[in-house]
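One letter stands for each residue in the lines below.
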Amino acid sequence: SPCSPFFLPADTHCGPNDVGPDPNFSNTIATINGKRAKPNRYPKCKEVYELYMDCALVSEAAFGKFIGRCNQKKKDLDECNMVERDALRKVNLAAARKHKAYVDQRIAEEEAAELAAATFLATPPPKKKGWFW
């Protein structure tokens, strides 16, 4: 197909019909000094991320980052991301515990309803006292 990745450059996007490149496609991946830079996941660490990326992709891109000139900025970025990840983890854990309590309550209600139905069905009908039976 013409949209195969073997026939198109990496920054080309195929349209919905897969008949060729989409003329309205815009590459949303940021580039710094001609190199692709993924955005940081945590917005509170934006300043630290920009400092590290400036060091790693612009000012020390040729050789400095390989001999450790950006190591402290990378450590600062990792520490900031770790703090943000821990905060997000705590929020997600609280939400998960709340959801688990809700699910456990619903399961208990359904089991109680099934038990009540089972006891109702398990009791034999009363014997009729009449002249025919």
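Residues numbered from 1 in each chain as written. Predicted model: local features only at pLDDT ≥ 70, side-chain atom pairs only at ≥ 80, totals over all residues. Heavy atoms only, no water.

Trainee: I tried to follow the confidence of the model for the chain on my own but got confused; where do I start?
Mentor: Parts of the prediction with low pLDDT should not have their coordinates interpreted in detail. Confidence along the chain averages 79 in pLDDT terms, with 68% of residues attaining 70 or more. The least confident element of the chain, judged by mean pLDDT, is strand E1 (residues 30-32) at 65; the most confident is helix H2 (residues 71-122) at 92. (pLDDT = per-residue confidence, 0-100. Helix = DSSP H or I, 4+ residues; strand = E, 2+ residues; numbered from the N terminus.)

Trainee: Help me understand a negative patch on the surface, please; the structure alone is not making it clear to me.
Mentor: A cluster of acidic residues, Glu109, Glu110, Glu111 and Glu114, forms a negative patch on the protein surface. Its place among the elements puts Glu111 in helix H2. On the accessibility criterion, Glu111 (48% relative accessible area) is partly exposed. (Patch = residues over 30% accessible without salt bridge, like charges linked within 9 Å, V, L, I, M, F, W, Y side chains within 5 Å. Areas by Shrake-Rupley, 256 points an atom, 1.4 Å probe, with all protein chains shown as cover. Salt bridge = Lys/Arg side-chain N within 4 Å of Asp/Glu carboxyl O. Lys, Arg positive; Asp, Glu negative; His and termini not counted. Charge placed at Lys NZ, Arg CZ, Asp CG, Glu CD. Buried < 20%, exposed > 50% of the residue type's maximum accessible area, 1.4 Å probe, protein only.)

Trainee: Is there a simple way to explain the state of the cysteines in this structure?
Mentor: In a disulfide, the sulfur atoms of two cysteines are held together by a covalent bond. Taken as a whole and assessed by the stated rule, the structure comprises two disulfides. One disulfide in the model links Cys45 with Cys80; its S-S distance is 2.0 Å. Between Cys45 and Cys80, the S-S dihedral sits near -95°, and the bridge is therefore left-handed. In this pair, Cys45 is assigned in the loop between strand E2 (35-37) and helix H1 (46-59) and Cys80 in helix H2, connecting sequence segments 35 residues apart. Note on Cys45: relative accessible area 0%, which makes it buried. The residue that forms a disulfide with Cys55 is Cys70, at a sulfur-sulfur distance of 1.9 Å. (Disulfide = S-S within 2.5 Å.)

Trainee: What should I look at first to understand the nonpolar core in this one?
Mentor: General note: in soluble globular proteins, nonpolar side chains tend to be found buried as a group. Counting residues in hydrophobic clusters, the biggest one holds nine residues: Ala37, Tyr49, Tyr52, Met53, Cys55, Ala56, Leu57, Cys70 and Leu77. For this core, the element with the highest residue contribution is H1, accounting for six residues. When neighbours within four sequence positions are excluded, Cys55 is seen to be in contact with Glu60, Ala61, Arg69, Cys70 and Lys73. (Core = buried A, V, L, I, M, F, W, Y, C linked by side-chain atoms within 4.5 Å. Contact = heavy atoms within 4.5 Å.)

Trainee: What is the right way to read the packing of aromatic side chains from this model?
Mentor: Any two aromatic rings considered together are summarised by their centre-to-centre distance and by the angle between their planes. Under the criterion given, the structure shown has zero aromatic pairs. In this arrangement the basic side chain of Lys74 is found over the ring face of Tyr52, its NZ or CZ atom lying 5.4 Å from the centre. (Phe/Tyr/Trp six-rings, centres within 6.5 Å; stacked < 30°, edge-to-face > 60°. Lys NZ or Arg CZ within 6 Å of the ring centre and 35° of its normal.)

Trainee: Any chance you could explain the pattern of salt bridges here in plain terms?
Mentor: Any two side chains of opposite charge can pair, on the condition that their charged atoms come close. Considering all chains together, one arrives at three salt bridges under this definition. Of the charged contacts in the structure, one is a salt bridge between Asp78 and Lys74, with a shortest N-O distance of 3.3 Å. Note that Asp78 and Lys74 are positioned in helix H2 at a spacing of four residues, about one turn of the helix. The partner of Asp86 in a salt bridge is Arg89, and the shortest N-O contact between them spans 2.6 Å. Here the residue Asp86 and the residue Arg89 both occupy positions in helix H2, the gap between them amounting to three residues, near one helical turn.

Trainee: Hey, could you run me through the environment of Asn40 in this one?
Mentor: Relative to the elements of secondary structure, Asn40 occurs in the loop between E2 and H1. Leave out the neighbours within four places in its chain, and Asn40 touches Cys45, Tyr49, Leu77 and Asn81. Engagement of the side chain of Asn40 in a polar contact is seen with the backbone oxygen of Tyr42, the distance being 3.4 Å. There is a polar contact of 3.2 Å between the side chain of Asn40 and the side chain of Asn81. (Polar contact = N/O pair within 3.5 Å; in protein donor to acceptor, adjacent residues only side chain to side chain.)

Trainee: Honestly, a nonpolar patch on the surface in this entry has me stumped. Any pointers?
Mentor: Together, Phe63, Phe66 and Ile67 give the surface a local cluster of nonpolar side chains, amounting to about 370 Å² of exposed area. A relative accessible area of 53% places Phe63 in the exposed class.

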